[in-house]
Amino acid sequence: MAKNITFKDMALPSFEAINPLKVEELMPVPNLGEEPPFEPPPDKWKEKYDLSLDWHSPIALPKPNAAEQERILKGFLKGLERLFNPQDNWTFLKILRLTTDYCMRCQTCSDACHVYIGSGEQEIYRPTFRAEILRRLYRRYFTSSGKFLRSLVGADLEANYHLAMRLVESAYRCNVCRRCAQVCPVGVDNALISREIRKVFTQELGIAPKELFTKGTRQHLLVGSSTGMQPGGFKESIEFIEDDMGERTGRKIHIPIDQKGADILLIHNAGEYLSWPENPGAFGVLFQMAGISYTLSSDLVGYDGVNYGLFCDDLELARIGLRHIQVAKKLGCKKIVVGECGHATKTLCVITDRVLPGDMATSEMPRESCLPLFWEIYKSGVLKFDPSRNNFPTTLHDSCNIARLMGIVMPQRKVTRAICPQFREMTPNGAHNYCCGGGSGFAIMNELNFPQWRKKVSERMKTKQILEAFKDCLDPSIQKYVIAACSNCKGAMRDLIAHYKLWDKYSITYGGLVELMVNAIVDLPPFMELEFFSPD
């Protein structure tokens, strides 16, 4: 049963969790079987860290003393003021204002939120909950009516350290997939509120999940990749991939690096090189067989398309986006194509233009998703494909960033329908699809027990969708494949398939789209074995 948590409960001066979770409260998922309970955090974590929202945390902030609590509160209020200042937040202020000024509290967005529904409709995860707290605090401290009239104008919330920290923790219980904004009748974007709350804490206080900041954007800019991979390691990984692709295809596969004058700079999520090297390998095979003029870059930042600034920091977002464009210009490429990564695609193709000035923005360097290019290659007829190579049940998970937030819905479907005879859609799908549960960086956040929350709550709706898509063929003797043309989404698929034992129970595995294309190329031997793609 959902708990009736109020806004003022968020300010309770205690380090006890105000909303601990129980499995029996969560949304039921047919065919899931018995599910283990939530494991409470160890006492040593409770003693050391602030877990006061729901006994989980991706931030892992050590409990501060009184002076540190005061510093955090002051920094939060200073950041909140700057959030509404046109000189400080010209990038997203207009959307923020629209959201804070015009929300009608109709709760249409709540029925669209996979986290809120998956949690069993817990109030603290409702899309309007954190937005309303932010709205009341801004009115209370930074408007004349709020300072004097308080409860009469909805400005009755007093800020303290505990409210500020629970608020930012709640912002990290939102995948920022913006399904809520899609259904809002007046265009309010409560997901942006989550992102902007995160921004206050990152830019003003340096408080963020380490996977996004210290080991994310900071490491990306300093070392060259958020994975920690340096240029030498990147080149070695390409040599390994070339050898592997040669063994699989029986051909010499060359993946060009730093080739000046190539038409395309291809940028992958560098996590692919470490976790799923067959994906950039399949790109190399497909592009070589199709005669595509392209190159990778070994420049710092140029070989890693991720941009975790999208999730929590405008300045870091601009620095990385600028570097990507500079690398393409240096090589003399005509455009940038982003591999199978949703947030990298949206950041480079859409959001970067919000934060880059003048000719560094739109027209100087075209940027595209790889998915329309896949369809162009297929329909050109330059390669022949044999769909019988992929004659097993498949379904397609749409990356929110690519489908809902960029409108790229059909190219990946046209390719899939052409090469996968047993393709079936999830419901809903396309621009209306649910997030994988790993969006906005969740898939890589593994601090303390946050993975437990992610698997049981934010990935729950996607698990339900997958099981429903394959409900007519759950027999484990039939191998099934979830297409996730996004590195972050693949991380979530790996997570939920392993957690709920979907491979063991139902032979459900996952992978990219380009692997299926290469698997179907008539002139090559089969590329894939589904066991190879299982989470184990």
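The shown structure was predicted, so the numbers you read here are calculated from the model rather than taken from an experiment.

### Digging into unusual backbone geometry
Okay, so step 1: In this chain, Thr 427 is followed by Pro 428 through a cis amide linkage whose omega measures -10 degrees.
Okay, so step 2: Here the phi dihedral of Gln 107 falls at roughly 70 degrees; this positive angle occurs in a residue that is not glycine.
Okay, so step 3: Mapped onto the fold, Gln 107 is located in the loop between helix H3 (93–102) and helix H4 (114–118).

### A word on the nonpolar core
Okay, so step 1: Ranked by size, the top nonpolar core spans 81 residues in total, and within it Phe 76, Leu 137 and Phe 201 carry the most contacts.
Okay, so step 2: With 52 residues, the next largest nonpolar core counts Met 229, Phe 283, Phe 287 and Phe 527 among its residues.

### Let's talk about the packing of aromatic side chains
Okay, so step 1: Scanning all chains against the criterion turns up 19 aromatic pairs.
Okay, so step 2: Centre to centre, the rings of Phe 234 and Tyr 303 are 4.8 Å apart; their planes meet at 15 degrees, and the pair counts as stacked. Residue Phe 234 is located in helix H11 (residues 231–249), and its partner Tyr 303 is located in the loop between strand E2 (294–295) and helix H14 (309–312); the two are separated by 69 residues in the primary sequence.
Okay, so step 3: In this structure Phe 234 comes out as buried when scored by relative accessible area, which is 0%.
Okay, so step 4: Counting every residue linked through ring pairs, the aromatic cluster contains Tyr 125, Phe 442, Phe 450 and Trp 453.
Okay, so step 5: Seen from the ring of Trp 453, Arg 173 lies directly overhead, with NZ or CZ sitting 5.6 Å from the centre.

### Quick look at the pairing of strand E6 (residues 480–484)
Okay, so step 1: Of all five residues making up E6, five are buried, and the element is well covered by its neighbours.
Okay, so step 2: Burial along E6 is two-sided: the face carrying Lys 480, Val 482 and Ala 484 and the face carrying Tyr 481 and Ile 483 are both buried.
Okay, so step 3: Two strands pair when backbone bridges link them, and E6 and strand E7 (residues 508–511) are joined in this way by four bridges, in the parallel orientation. Opposite Tyr 481, over in E7, you have Thr 509 as the bridge partner.

### Quick word on the environment of Leu 98
Okay, so step 1: Here Leu 98 shows up in helix H3.
Okay, so step 2: Relative accessible area serves as the criterion here: at 30%, Leu 98 is assigned to the partly exposed category.
Okay, so step 3: A C-alpha to C-alpha distance of 8.1 Å links Leu 98 and Asp 189, two positions 91 residues apart in sequence.
Okay, so step 4: If near-sequence neighbours (up to four positions away) are discounted, Leu 98 is found in contact with Cys 103, Val 186, Gly 187 and Val 188.

### Quick look at helix H9 (residues 190–205)
Okay, so step 1: For H9, built from 16 residues, the straight-helix expectation of 22 Å at 1.5 Å per residue is met to within 8% by its first-to-last C-alpha distance of 23 Å.
Okay, so step 2: Just downstream of H9, Gly 206 is the residue with a positive phi angle, here 65 degrees.

### So, a negative patch on the surface
Okay, so step 1: On the surface, a cluster of negative charge is contributed by Glu 236, Glu 239, Asp 243 and Glu 247.
Okay, so step 2: For Glu 247, a relative accessible area of 68% corresponds to the exposed category.

### Let's talk about the side chain of His 268
Okay, so step 1: Mapped onto the elements of the fold, His 268 is located in the loop between strand E1 (264–267) and helix H12 (271–275).
Okay, so step 2: Given a relative accessible area of 2%, His 268 falls into the buried group.
Okay, so step 3: Discounting chain neighbours no more than four positions away, the residues touching His 268 are Tyr 273, Asn 279, Pro 280, Phe 283, Leu 296, Tyr 303, Asp 304, Gly 305 and Gly 339.

Thresholds applied
Residues numbered from 1 in each chain as written. Predicted model: local features only at pLDDT ≥ 70, side-chain atom pairs only at ≥ 80, totals over all residues. Heavy atoms only, no water. Helix = DSSP H or I, 4+ residues; strand = E, 2+ residues; numbered from the N terminus. Core = buried A, V, L, I, M, F, W, Y, C linked by side-chain atoms within 4.5 Å. Buried < 20%, exposed > 50% of the residue type's maximum accessible area, 1.4 Å probe, protein only. Phe/Tyr/Trp six-rings, centres within 6.5 Å; stacked < 30°, edge-to-face > 60°. Lys NZ or Arg CZ within 6 Å of the ring centre and 35° of its normal. Pairing = 2+ DSSP bridges. Contact = heavy atoms within 4.5 Å. Expected span 1.5 Å × (residues − 1). Patch = residues over 30% accessible without salt bridge, like charges linked within 9 Å, V, L, I, M, F, W, Y side chains within 5 Å. Areas by Shrake-Rupley, 256 points an atom, 1.4 Å probe, with all protein chains shown as cover. Salt bridge = Lys/Arg side-chain N within 4 Å of Asp/Glu carboxyl O. Lys, Arg positive; Asp, Glu negative; His and termini not counted. Charge placed at Lys NZ, Arg CZ, Asp CG, Glu CD.

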